[in-house]
Amino acid sequence: MDRNESQYRYDKYKADWEKKQAEIFYSMHLEDCWFKERYDPLLQYKWQMEKKAQALPLAQKFVEFFVGDQTCRGLNFDQDPSIDYERLGEKAISISGEPFFGFDANQMTLYLKNIPVNVSRWDLLDVLKTTQGFVSLSMSEPLKAQNFERIAWITYDTDANCQLAKQVLEAQYVGDYRLCPVSNQGNRKGVMITPELPDDSAERDLKKCEKLITEVLDVEKEIPATIQDQITEYANRYLNKTQHLDLLLLYLRKVHSYCFYCGEEYDDERTLAAKCGPAHLRNSSKITRFMLDTPNWQTSKQFEDKYLKAADERVAKGPKEIVSPNDDPVLQQMKEQYVNKKTHILTQGSIYQCGACDKKFKTSEFVYKHFFNKHGDVLDEKFNRSRFESMMNENYHNDPKKMINQPGFAAGPQSREGGFRGGFGERGGRGGGFRGGRGDRDDGRGRSYQDYDDPSRYQGQIQNPDRQIVSYDDLF
Ligand SMILES: [Zn+2]
Ligand SMILES: [Zn+2]
C-alpha cells in the first residue's frame, strides 16, 4: 500500500466516522429548541421574516434621530489619540453617546441563564413582548458543557422599563423554566481600532457603503429607498465625505448589524457589539498609499483588502431571497408527480377525472388546477412534513460549523475537553485590527473566584483553538 493509498483510506475512515457522529448528534438533538431554530426550515423562515420586520422601524428611528435631530454632527469614527479607550469599561466615557454612539451591552439589559433545551426563542418572545418597552432578544449558542442550555439577553428602551420588566418577569414561567432575570453587569468589551489606513480611503469606502446599503442590504429587508435618499440629501448639504461615511458605517451597524471594517454581518446589534466591539474606529494615524516602505504597510494592505473583499462579495451575491419552505421546488415537484398520478384518464383527450373526489374535467390541466385548489390540504399533509424533515436533515449536514457527537465527552460543568463545534461565532474570522481597550478574551478575568451568576465563567468551557469561535465572554 503506497502513501497515497493509506492517506486516502485514512481520510475516508475519518469522513465516515464524522458522518456517523453527526448522525448520532442529529438524532440526539433534533427535538431541542435551539436545534430546530437553527435547522428547521419553517423556523428559519419565521426568524428571517422577523428580522426583516424589525429592520424598517430601526431604519426609521435611525433617520429620525441622527438626521432629523442632526445628532450625527457629533458622530466621529476616527480614533481620538487623547482618549484612553482602556477606560471605557469604567464608564469614563460614554459608549452610547458621542462620538461613536456604540452599543452598550450592559445598559437597559436583562440577562437570563440556564435556558433549557425545551424552551424556544418564540416561547420567550411571547412572554417578553408583553413587557413594556421591550426592544429585542438575543440568544447564545447552546453550551455543550451545560446540557446545551442557552443564555439570553433582553434589551429595553429605557432603564425604568428594564427595572420594571425585571420585577414582572421574575415570577414568570415558560413551562417549568422560571425566568429569574438579572441585570447585566459584566465587563464591557473594548473598542476596535483599525490598523493605519491609507489617507485616501474615505471617499472610496463611502461609495462601497452606499452600494452595499442601496443595492443589497436595504433591498433584502425591503427598506424603502426614501430612507437612504433622506440621508444622502442631508449629507450632501451638511456633511463632508468622512462624516457621510461615518453616518453610513453607523447605519450598517445599527440597522444591518454589519461592521464594514470587520466585513462581518450578524443577527443583531448586540451580537455585533460582542464580536467586534461597541465601535470600530479608524486609526488616528494614516499612511500614504504609495509609500510601500512604510513599516505597517503590509498589515494595512491586508486589512484593507479583507474588508473591501467582504463588501464586494456581498454586493456581487446580491440581496438574499427569503423563500418560504412551502415554495421549495423539490416539495413542489413531489406534489406535481402525485397529482399526475391521481389524474385518471377516462377518455384520452376529452375526459379526465380527479382521483381524490371523482370530479370530471375536459383536460388534465383542469384537474391539475382543481387538485391544488381543492385538495391542497391533502397534498400538504402528505408531503410537507416529510419534506421539511429532510430539509432539516440537509441543513444540519450541510452546515460546515455543525456540532457533532464527541464520544467520551462527559457533559457537566467539570468537563473542559474541547469538542465544542460552532460556538457563538457563526461566520468566524475576526479580521485584522487590534483592540484599543480591555476585553481580550484571554485576560483570565474571573478565574480567581467563581461567581456562578457571572456568564464569563463559561469561557473556559467552549474554547477551541481549532475554530474561530468567540467565547461567551465576548458578550460582556
Ligand atoms: Zn468591526
Ligand atoms: Zn377533486
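The shown structure was predicted, so the numbers you read here are calculated from the model rather than taken from an experiment.

1. Quick notes on the pairing of strand β3 (residues 150-156)
Point 1. With respect to burial, β3 is a largely interior element, six of its seven residues being buried.
Point 2. As paired elements, strand β1 (residues 109-115) and β3 share five bridges and run antiparallel to each other. Residue pairing for β3: L112 is matched across the bridge by A152.
Point 3. Where strand β2 (residues 134-139) meets β3, five bridges bridge the pair, whose relative direction is antiparallel.

2. With respect to the sheet that holds strand β13 (residues 343-347)
Point 1. Reading across from one edge, β13-β14-β15 is the order of the three strands in this open sheet, with antiparallel pairing throughout. Bordering the open sheet on either side are β13 and β15 (360-361), each of which pairs with just one other strand.
Point 2. Packed onto the sheet, helix α12 (residues 364-374) meets β13, β14 (351-354) and β15 and runs at close to 15° relative to β14.

3. Structural notes on the UniProt feature "domain: C2H2-type" (unreviewed entry) in the chain
Point 1. UniProt records the feature "domain: C2H2-type" (unreviewed entry) at residues 354-375, using the numbering of this structure.
Point 2. Helix and strand shares over residues 354-375 are 50% and 14% respectively, and the end C-alpha atoms of the span are 10 Å apart.

4. Focus on the environment of P198
Point 1. Relative to the helices and strands, P198 is located in strand β8 (residues 197-198).
Point 2. Judged by the 18 C-beta atoms lying within 10 Å of it, P198 is partly exposed.
Point 3. Counting along the chain gives 106 residues from P198 to E304, while the straight-line C-alpha distance between them is 8.8 Å.

5. So, helix α10 (residues 297-317)
Point 1. Its 21 residues give α10 an end-to-end C-alpha distance of 30 Å, which sits within 8% of 30 Å, the value for a rise of 1.5 Å per residue.
Point 2. Inspection of α10 places S300, F303, E304, Y307, A310, A311 and R314 among the buried residues, and these make up the whole buried set. Looking straight down α10, one finds its buried side chains confined to an arc of 125°; they lie on one side. The exposed set on the far side of α10, more than 90 degrees from its buried face, consists of Q298, Q302, D305, K309, E313, A316 and K317.
Point 3. Contact partners of the buried residues in α10: β8, α6 (201-220) and β12 (286-287).
Point 4. G318 occupies a position one or two residues after α10 and carries a positive phi of about 75°.

Calculation rules
- Residues numbered from 1 in each chain as written.
- Chains lettered and ligands numbered in written order.
- Predicted model: local features only at pLDDT ≥ 70, side-chain atom pairs only at ≥ 80, totals over all residues.
- Buried ≥ 20, exposed ≤ 12 C-beta atoms within 10 Å, placed from the backbone.
- Helix = DSSP H or I, 4+ residues; strand = E, 2+ residues; numbered from the N terminus.
- Pairing = 2+ DSSP bridges.
- Contact = placed C-beta atoms within 7 Å.
- Axes fitted to C-alpha atoms, helices over the stretch in contact; angles between N-to-C directions.
- UniProt positions renumbered as here; feature names shortened; annotations may be inferred.
- Expected span 1.5 Å × (residues − 1).
- Arc of directions from axis to C-beta.

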